[in-house]
Structure formats: structure tokens, C-alpha cells
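Chain residues, written in single-letter form:
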Amino acid sequence: MAIDFTLSPEQRERQLHARKIAEEVLGDVRGTLADLSTPEKRFAATRPFYRGLVRAGLLRQQVPPPLGGTMTGLLDLALVAEELWAVDADVPLSSFSTGLGLMPLLMFGTPEQQERLPSPFVADDGAALAALAFSEPGGSANFHSASLGAGIRTLARRDGDAWVISGTKQFIPHACGWDGEGADLFAVAARTDPDAPPQESLAVFLVPRPERGLTVLGSMETIGHRGALVSRVRFDEVRVPAGNILGAPGAGIRILETAFSATAGLVGAFLPGYDQMAAAEGRVPGE
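Computed from a predicted structure; not experimentally measured. (Residues numbered from 1 in each chain as written. Predicted model: local features only at pLDDT ≥ 70, side-chain atom pairs only at ≥ 80, totals over all residues. Heavy atoms only, no water.)

K.L.:
What is the right way to read the packing of aromatic side chains from this model?
P.N.:
The way to describe two aromatic rings as a pair is by their centre distance and the angle between their planes. Under the defined criterion, the tally for this structure stands at 7 aromatic pairs. Ring geometry for Trp85 and Phe96: centres 6.0 Å apart, planes at 55 degrees, overall tilted. Here Trp85, found in helix 5 (residues 74-85), pairs with Phe96, found in helix 6 (residues 91-108); they are 11 residues apart in sequence, far enough to count as distant. Taking the centre distance of 5.6 Å and the plane angle of 85 degrees together, the rings of Phe186 and Phe235 count as edge-to-face. Of this pair, Phe186 sits in strand 4 (residues 185-191) while Phe235 sits in strand 7 (residues 225-241), placing them 49 residues apart in sequence. In this structure an aromatic cluster arises from ring pairing among Phe43, Tyr50 and Trp178. (Phe/Tyr/Trp six-rings, centres within 6.5 Å; stacked < 30°, edge-to-face > 60°. Helix = DSSP H or I, 4+ residues; strand = E, 2+ residues; numbered from the N terminus.)

Below is the structure:
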């Protein structure tokens, strides 16, 4: 049976609106970044453009309506992503990476957490950044591993009415924040018991930008994304309220797998947009 790829009138309207926003908001990104020598300077220079996407409502589109957003589904987001990437690959990466950072909260947060934490990300203005702190030095793809020599080694210990988090994370988009002091909200993957397997101990914690204990160790330039940053950060005894854990220890595997699976389709939509950009510039798509 043939698959009908025809867009509905509402989807076509959303696609054209995203195309218009991309041209109006992102058209000058490349020229703005051209003469800036470091990835940190280039990332900082994208803040007005990121704010422009926020004002256009494209961050709210990644948040469901019950939480103050305007999300209508992942397919609609994929249509938007393709149009943005056809004009610029840097600022949209920061926007959709923020969506990934919010995904654990949006999908697994309690009503109290969902009422307390998303407000900066559904505002009409601003430049709030969220980050999923998952990958670690030494590799984290095997986060199901029970050995602390592999997988997730960041630890969270219970101390009264708080969790205390320590560990190093890397390859986190914009974890440095706009000022080098950290993103506005982190979703941090950590083990609660070094002697228990991740099926019993892996958890995800919601960490608003801490006043102390977070150190940005450095950032790396991303190939193909000159104005986007991925960072390495260290959490040193960072305290968060006990109520900032998502679910219970052991739930982290399901939370992380769901967050990555939900956003994988959006990543796939980036490439056809980027190929449109390449074709418009006379380059071979995919280069």
C-alpha cells in the first residue's frame, strides 16, 4: 500500500510559517559569525538569533499545551526543523538541544515539577537553555553496564532533604550557558548507589543552574556547527531538593531511552534541511 506524504493544510501552514521565520530570524547568522575566531565567541554571538526564535514561539512548540507550550506533535516539529536547517544549522541546534534537555521533565515529571520548572521555556521572550547531561569521559553508550568503570559514573547520594551530585559530563550542547556559568536547567543522569546495577540505581535529576559546585571545564567546536558549542562540565557536590528526582532510582534507563528515541526523528529531519542549504549554495548535498 502506498504511503501518502501529502501535508494537511495545517501542516503546510506550519511549514510555510517556519520557512518565513527562518529567513527573517536566521538569515544573518553566517555573516555575523564569519570573522569570529573562537567557538565561544561565535556561540555568544548567536544569542540574539536564539532569542528571535523564542519570540517567534519556536521554543514553546517543543512543550505540550498542558505545560504552557504549543506542541502539536513530533511530525510538525520535524517540518519546522527542516525549514530552519535550510537556512542555518547553528541556532536551531541550540533550540532543539534545549528541547532534548527538557524532554525528561516533559515526559516523566510530576505535576509539581512540571508546574515549577518549565516557565522560562514557555516565556514570550528570553534565551533560556536546557541541557541533558548524559555522556561522560570514557564513554556512556553502555549506560546499562553495572560496572562503574563503564557507563554512567556520576553519583548522587541522598543527604537529608537533598540529593548531592558529583561527576563529570561532556559533549553537552550549550552546558556552559551564555555566560560560561552553566545552562538554566540540567537533566543529569547519575547513579544513586555505586554498588547497585543501573537497573536499580540509574536516575535522572532536574538541576536548575546551581549557585555553587558547577564548573565549566571547557567547550569544543562542533564540525558543521560553527556557532554551536558542546561542553564538558563537572558537578562537585551540587545539591538539589529531594523532589527533583524523576521517578525513582532505576527509572533512569527508561527515561533516557525514551528521550533519545523521541528526538531521533527530529535529528533525521536536520539533514534534508541542511541539504537544501548546500544546494542553494552550489555545494553537493551531504558535504
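Having put the structure on the table, let's press on.
K.L.:
What is the right way to read helix 6 from this model?
P.N.:
Every α-helix carries 3.6 residues per turn, so stepping three or four residues along brings you back to the same face. Between its first and last C-alpha atoms helix 6 spans 27 Å; for 18 residues at 1.5 Å apiece the expected length is 26 Å, and the two agree. When the local axis directions of helix 6 are compared, the greatest deviation, roughly 45 degrees, occurs at Leu102, which is followed within four positions by the proline Pro104. Most of helix 6 sits inside the fold, with 17 of its 18 residues counted as buried. (Expected span 1.5 Å × (residues − 1). Bend = angle between axes of the 7 residues up to and from the residue. Buried < 20%, exposed > 50% of the residue type's maximum accessible area, 1.4 Å probe, protein only.)

K.L.:
I tried to follow the pairing of strand 1 (residues 130-133) on my own but got confused; where do I start?
P.N.:
Alternating positions in strand 1 separate into two faces, Ala130 and Leu132 on one and Ala131 and Ala133 on the other, with burial throughout. Sheet topology places strand 1 next to strand 4; 4 bridges connect them, and they run parallel. Residue pairing for strand 4: Ala131 is matched across the bridge by Phe186. (Pairing = 2+ DSSP bridges.)

K.L.:
Would you mind going over the pairing of strand 4 with me for this structure?
P.N.:
In summary, the side chains of a regular strand alternate between the two faces of the sheet. With 7 of 7 residues buried, strand 4 is to be regarded as a mostly interior element. Across 7 bridges, strand 4 lies against strand 5 (residues 202-208) in antiparallel orientation. Bridging from a neighbouring strand, Val188 pairs with Phe205 of strand 5.

K.L.:
Honestly, helix 1 (residues 9-26) in this entry has me stumped. Any pointers?
P.N.:
Taking 1.5 Å as the rise per residue, helix 1 with 18 residues should run 26 Å; its terminal C-alpha atoms sit 25 Å apart, in good agreement. Within helix 1 the residues assigned to the buried category are Gln11, Gln15, Ala18, Ile21, Ala22, Val25 and Leu26. Along the axis of helix 1, the buried residues cluster in a sector spanning 130 degrees; they form a single face. Facing away from the buried side of helix 1 by more than 90 degrees, the exposed set consists of Pro9, Glu13, Glu23 and Glu24. (Arc of directions from axis to C-beta.)

K.L.:
How should I be thinking about the pattern of salt bridges in this particular structure?
P.N.:
Pairing between side chains becomes possible if they bear opposite charge and their charged atoms approach one another. In total, this model carries 12 salt bridges according to the counting rule given. The salt bridge partner of Asp76 is Arg14, with a shortest N-O separation of 3.7 Å. Of this pair, Asp76 sits in helix 5 while Arg14 sits in helix 1, and the two are 62 residues apart along the sequence. Here Asp76 falls in the buried class, since its relative accessible area comes to 12%. Residue classification places Arg14 among the partly exposed positions, given a relative accessible area of 22%. The shortest N-O distance in the salt bridge between Asp125 and Arg55 comes to 3.1 Å. One end of the pair, Asp125, is in the loop between helix 7 (111-116) and strand 1; the other, Arg55, is in helix 4 (residues 47-55), and 70 residues separate them in sequence. According to the relative accessible area criterion, Asp125 is partly exposed, its value standing at 31%. Note on Arg55: relative accessible area 52%, which makes it exposed. Bridged by salt links that share partners, the residues Arg51, Arg55 and Asp125 form one connected network. (Salt bridge = Lys/Arg side-chain N within 4 Å of Asp/Glu carboxyl O.)

K.L.:
What is the right way to look at unusual backbone geometry in this model?
P.N.:
For residues that are not glycine, phi is negative in most cases, and the peptide bond is trans in most cases. Of note, the phi angle at His174 is positive, near 45 degrees, even though the residue is not glycine. One can find His174 in the loop between strand 3 (162-173) and strand 4. Despite not being glycine, Glu237 shows a phi value in the positive range, around 55 degrees. The topology assignment puts Glu237 in strand 7. Overall, the relative accessible area of 43% leaves Glu237 in the partly exposed class.

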